[in-house]
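Reading the structure
Below, each chain spelled out in residue letters.
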Amino acid sequence: MTEEAILNYDDLFNMLDNLLREPKEFWEGFYSNRDKEIPFFKIKGPDENLVEYFENGLKPTRVLEIGCGPGRNAIYMAQKGCKVDALDISQNAIDWAIERAKEDQVDINFQCQSLFSFFFEPNSYDFVYDCGLLHHIAPHRRLTYLEVIKKALKPNGYLGLVCFNTDGAVDTSDWEVYRAGSLNRGIGYTEKRLKEVFTKDFDIISFRGMKKITQPSEFFGEEFLWTILMQMK
Ligand SMILES: C[S@@+](CC[C@H](N)C(=O)[O-])C[C@H]1O[C@@H](n2cnc3c(N)ncnc32)[C@H](O)[C@@H]1O
């Protein structure tokens, strides 16, 4: 095959991936030192919005958490009786999550996998949860992200999302990511931009800023994040 040819959409997406940093290497480095001053490194508790969803009656049986990191939210959902599959591209993050789940004596199927190569039974999850992954996904891969989530969810399944608002990161345009060859430290989303991404396929049930939770607390919350609960159309 001619080198660097674009003969199909996979070739095109691979070429665009190649313009940006390799995510696995970056995230392994990110988790190589657990003592860093990263808000969710210090806090073991779940997102305040996730707790609210459960308290308001969300009762999923099968859950997929994508980009689970050290497992805060997966552990909470398992404690609530859910059967949880949780994946992350970083082995360092998954090792940490397994240690925490053992300490808390919960059984979770943690897998070191990219969302984009994760093998799953289609239409098998009641709820997909993402805290902090979407804003690190390249714009072209957002299309793959949506396809994977839609395929993973059961009809009328729910998607919970936490992602940077424009205080969390710069509202870099999709085109600018490729001109600069960088996602910087993530994309800051406006409400309008998030709604453009999701409302074709999802009905919005709740859309609000995350509440700041002063630590120490059982819960996690930072004001530079959006929280959204959606239901697949
Ligand atoms: C900001 S962190 C959030 C971690 C965790 N959800 C939390 O809130 O504690 C984003 C996570 O996404 C993971 N990640 C990045 N790209 C990924 C991909 N393509 N597939 C799966 N996980 C990915 C990173 O390794 C990282 O753990």
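Bear in mind that the values here come from a model prediction, so they are computed numbers and not experimental data.

1. Quick look at the site of the ligand
- The local shell around the ligand holds 20 residues, among which Tyr31, Gly67, Arg72, Asp88 and Cys131 are the closest.
- Here an oxygen atom of the ligand and a side-chain polar atom of Tyr31 are 2.5 Å apart.
- In isolation the ligand exposes 590 Å². Once the protein is present, 96% of that is buried.
- Of the residues assigned to the shell around the ligand, the class counts are 10 nonpolar, seven polar and three charged.

2. A few points about the nonpolar core
- Core analysis: the biggest nonpolar cluster contains 35 residues, and Ile66, Tyr145, Leu161, Leu194, Phe198 and Phe202 have the highest contact counts within it.
- Excluding residues within four positions of it along the chain, Ile66 makes contact with Leu87, Leu115, Val128, Tyr129, Asp130, Cys131, Leu133, Tyr145 and Ile149.

3. What to know about the UniProt feature "domain: Methyltransferase" (unreviewed entry) in the protein
- Mapped onto this numbering, the UniProt entry gives "domain: Methyltransferase" (unreviewed entry) at residues 63-157.
- Along residues 63-157 the backbone is 37% helical and 27% strand, and the end-to-end C-alpha distance reaches 10 Å.

4. Details of the packing of aromatic side chains
- Scanning the model with the defined rule gives 18 aromatic pairs in all.
- Centre to centre, the rings of Phe26 and Phe30 are 6.2 Å apart; their planes meet at 25°, and the pair counts as stacked. Of this pair, Phe26 and Phe30 both sit in helix α2 (residues 23-30), separated by four residues, roughly a single helical turn.
- On the basis of relative accessible area, Phe26 is assigned to the partly exposed category, the value being 32%.
- For Phe30, a relative accessible area of 15% corresponds to the buried category.
- The interplanar angle of 85° and the centroid separation of 5.5 Å between the aromatic rings of Phe54 and Tyr76 together place this pair among those described as edge-to-face. Residue Phe54 is located in helix α4 (residues 48-55), and its partner Tyr76 is located in helix α5 (residues 72-79); the two are separated by 22 residues in the primary sequence. Like Tyr76, Phe54 is buried.
- Members of the aromatic cluster, connected to one another through ring pairs, are Phe26, Trp27, Phe30, Tyr31, Phe40, Phe41 and Trp96.
- The positively charged end of Arg62 is found above the aromatic ring belonging to Tyr125, 4.7 Å away from the centroid.
- Directly above the aromatic system of Phe220 lies the positively charged group of Arg72, at a separation of 4.5 Å from the ring centroid.

Criteria and thresholds
Residues numbered from 1 in each chain as written. Predicted model: local features only at pLDDT ≥ 70, side-chain atom pairs only at ≥ 80, totals over all residues. Heavy atoms only, no water. Near = heavy atom within 4 Å. Polar contact = N/O pair within 3.5 Å; in protein donor to acceptor, adjacent residues only side chain to side chain. Areas by Shrake-Rupley, 256 points an atom, 1.4 Å probe, with all protein chains shown as cover. Nonpolar A, V, L, I, M, F, W, Y, C, P; charged D, E, K, R; others polar. Core = buried A, V, L, I, M, F, W, Y, C linked by side-chain atoms within 4.5 Å. Buried < 20%, exposed > 50% of the residue type's maximum accessible area, 1.4 Å probe, protein only. Contact = heavy atoms within 4.5 Å. UniProt positions renumbered as here; feature names shortened; annotations may be inferred. Helix = DSSP H or I, 4+ residues; strand = E, 2+ residues; numbered from the N terminus. Phe/Tyr/Trp six-rings, centres within 6.5 Å; stacked < 30°, edge-to-face > 60°. Lys NZ or Arg CZ within 6 Å of the ring centre and 35° of its normal.

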